[in-house]
Protein chains: 2
Amino acid sequence: MDSTRPKDALFEAIALMGKAFASPRRLELIDLLAQGSRSVDELASASGQSNANTSQHLQALHAAGLVTRRRDGLRVRYSLAGDDVLALWLALREASATRLAEVQRAAREYLGDEVEAIGRDELVARMARDDVVLVDVRPAEEFEAGHIESAQSIPIDELKRRLDELPGDREVVAYCRGPFCAFAHDAVRTLRAEGRYARRLHEGWPEWRLANEETPA
Amino acid sequence: MDSTRPKDALFEAIALMGKAFASPRRLELIDLLAQGSRSVDELASASGQSNANTSQHLQALHAAGLVTRRRDGLRVRYSLAGDDVLALWLALREASATRLAEVQRAAREYLGDEVEAIGRDELVARMARDDVVLVDVRPAEEFEAGHIESAQSIPIDELKRRLDELPGDREVVAYCRGPFCAFAHDAVRTLRAEGRYARRLHEGWPEWRLANEETPA
DNA sequence: CAAGGTATCAATTGATCGCTTGAATAACCA
DNA sequence: TGGTTATTCAAGCGATCAATTGATACCTTG
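These remarks concern the structure in this document. Since the structure is predicted, the reported quantities are computational estimates derived from the model, not experimental observations.

**Digging into the overall build of chain A**
Argument step 1. Along its length, chain A carries ten helices and eight strands.
Argument step 2. When its C-alpha atoms are laid out on the principal axes, chain A stretches across 70 × 45 × 40 Å.
Argument step 3. For chain A, the proportion of its 217 residues judged to be buried stands at 41%.
Argument step 4. A separation threshold of at least 6 residues defines the contact pool for chain A, and within that pool the share at least 24 residues apart is 60%.

In structure tokens, the structure reads:
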């Protein structure tokens, strides 16, 4: 019963996709693409890598079936291949945060002191009562590529000088790219330093979108 | 805003887990562990690898937080670290089957011609009518480690000489380790060659168990 | 058609990975 | 205690991978 050879081929094929998740650079690219499609040099500068290296990693991701690309004039825009890929990335990130002390430590180091958070259910309830103002603190292009319905866009860079756009009588909830993105943490700290009551949404736009796709309105 | 260094540490930490999914051997070990806990040399012989090599891969999986181990007398028994890890493996397998032609080809090669399958919902309905007989064709130890409630165990090796244990008036549904396990396919082909009406359950025991954990009875 | 920007290719280097071999350790048993 | 089995450790070799560099291909604009 040495039927092991064709079985090896199967696992080798699956490992083609697994290998794509083995490099920190590629994970960062996937994380960026979770916000929406991007060109090669947008991704290169966002991740601080050379164009050539970024292109190479993107091709690896493409070979693994994780991303799609299409030409757009001079540029090539890459996107995640589908919501199953996004879900896979979120599951890996979540599992690593649960199981690896290294990840928890790195996250604390990167995000700084924990700030008060709010869950999706509570946010939905508060929004129904028109009780909070929801702020998307990601860069404007990402907001335009997709955002939570009733949110207003104030990129984290501009938050300090646009404080007066926020009504003073309601709590502020900030969200950004996800639980490992520092923007919402920074926003909450900034707002609290100004004496406002602010919390961060525990999840980011990709998680929100995915949850709403699964249970369509 | 060169906040990229601590962020790199985060992605590097997550990649520690990603790397664990980059080797076909380790994927095979994960797949075996999805059936239940196993000792090192059970895993070594099941995967056709040397003990030392298997032990090394298991330690890599342990360092990545994907498996737990405990001594049991002379042996060390490894298990998956939790259902989130199982879900992650199933998601990777599913995504790779969707996105990689390589995987589809290897699966066809390994499983042989497609045999008629049945989904979970239909099976549940038929079982409620006591209309089918459900057979677990995995090795007996795996059946004992956990199985679908009303199933009877007939390992694929013994199926041919135990055909008379199956009532002749009902359809047979066979299941095994999962959609990429050949046992159920083989069982259905064997039974059809004997003139019985048989189908395979589209999923295996781990998928069934996980689905029932999520929506507890 | 030439110029300029964007993306990819090709070749190289150093680092890491995967597997083997042989020795060491741990638990059990007589 | 000494023997046996299961697992792990340590060293080594070949193969693969990640990043750099410089050159090439592709598309648009003038």
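What follows picks up the thread again.
**Some remarks on the interface of chain B and chain A**
Argument step 1. With 44 residues of chain B at the interface, the matching set in chain A holds 44 residues.
Argument step 2. Put simply, the parts of the chain that give the side of chain B that touches chain A at least two residues each are helix H1 (4–20), helix H2 (24–33), helix H5 (83–99) and helix H6 (101–111) of chain B.
Argument step 3. When residues in the side of chain B that touches chain A are grouped by element, the largest group, 15 residues, is from H1(B).
Argument step 4. For the side of chain B that touches chain A, the residue count by class is 26 nonpolar, seven polar and eleven charged.

**A short note on the protein's contact with DNA strand C**
Argument step 1. Near DNA strand C you find 24 residues, and of these Ser39(A), Asp41(A), Ser55(A), Arg75(A) and Ser23(B) are the closest.
Argument step 2. Among the elements of the structure, helix H3 (40–47), helix H4 (51–63) and strand S3 (75–80) of chain A together with helix H4 (51–63) of chain B are those that each provide at least two residues to the surface near DNA strand C.
Argument step 3. It is H4(A) that contributes the most residues to the surface near DNA strand C, five residues altogether.

**Quick look at the relation of the copies chain B and chain A**
Argument step 1. Taken as rigid bodies, chain B and chain A are interconverted by a rotation of 180° and an axial shift of 0.0 Å, the fit giving an RMSD of 0.0 Å. Given the turn and translation reported, the copies of this chain are related as if by a two-fold rotation axis.
Argument step 2. A share of 100% of interface residues in chain B that are also interface residues in chain A marks the association as one of identical surfaces.

**Some thoughts on the packing of H5(B) against helix H10 (residues 205–214) of chain B**
Each pair of packed helices can be described by the angle between their axes along with the distance between the axes.
Residue and element names in this part refer to chain B.
Argument step 1. Two numbers describe how H5 lies on H10: the axes approach to 11 Å, and their chain directions differ by 125°. As judged from the angle between their axes, H5 and H10 are oblique. The crossing of H5 and H10 is left-handed. Between H5 and H10, the contacting residues are Asp83, Leu86, Ala87 and Leu90 on the first element and Pro206, Glu207, Leu210 and Glu213 on the second.
Argument step 2. Residues that form the contact of H5 with H10 fall into these classes: five nonpolar, no polar and three charged.

**What to know about H2(B)**
Argument step 1. Summarising burial for H2(B): eight of the ten residues are buried, a large majority.
Argument step 2. Along H2(B), the residues that are buried comprise Pro24(B), Arg26(B), Leu27(B), Glu28(B), Leu29(B), Ile30(B), Asp31(B) and Leu33(B).

**Observations concerning the sheet that holds strand S2 (residues 67–72) of chain A**
All names here are of chain A.
Argument step 1. If you trace the three strands from one edge of the open sheet to the other, you get S1-S3-S2, paired in antiparallel fashion. The sheet is open, and its two borders are formed by strand S1 (38–39) and S2, each paired with just one other strand.
Argument step 2. As paired strands, S2 and S3 are joined by six bridges and run antiparallel to one another. Among the inter-strand pairings, threonine 68 is bridged to a residue of S3, identified as serine 79.
Argument step 3. Strands S1, S2 and S3 of the sheet are contacted by helix H2 (residues 24–33), whose axis makes an angle of about 90° with S3.

Scoring rules and cut-offs
- Numbering of residues starts from 1 in each chain and follows the order in which that chain's sequence is written.
- Chain letters and ligand numbers both follow the written order, the letters beginning at A and the numbers at 1.
- At least 70 in pLDDT is required for a residue's local features to be given in this predicted model, at least 80 for side-chain atom pairs to be given and counted, and no such filter applies to totals for whole chains, interfaces and linings, which use all residues.
- A helix here means a DSSP run of H or I that spans at least four residues, while a strand means a run of E at least two residues long, and both kinds are numbered starting from the N terminus.
- Put plainly, a residue is buried at 20 or more neighbouring C-beta atoms within 10 Å of its own, exposed at 12 or fewer, and partly exposed in between, counting only other residues' C-beta atoms, which are placed from the backbone.
- Here the contact rule is simple: place C-beta atoms from the backbone, and any two residues whose C-beta atoms are within 7 Å are in contact.
- Polar here means any residue other than Ala, Val, Leu, Ile, Met, Phe, Trp, Tyr, Cys and Pro, which are nonpolar, and Asp, Glu, Lys and Arg, which are charged; Gly is therefore polar.
- By definition, a residue lies near a molecule or strand when the C-beta atom built from its backbone is within 6 Å of it.
- To superpose the copies, least squares is applied to the C-alpha atoms of every residue with a pLDDT of at least 70 in both.
- Between the N-to-C directions of two axes lies an angle of 0 to 180 degrees, each axis being a line fitted to C-alpha atoms and, for a helix, fitted only over the stretch in contact.
- When describing relative orientation, an angle under 35 degrees is termed roughly parallel and one over 145 degrees roughly antiparallel, while 65 to 115 degrees is termed roughly perpendicular and anything else oblique.
- Should the near helix be turned anticlockwise from the far one by less than a right angle, the crossing is left-handed, and should it be turned clockwise, the crossing is right-handed.
- When DSSP finds at least two bridges between two strands, those strands are taken to pair.

These results come straight from atomic positions and should not be treated as a statement about function.
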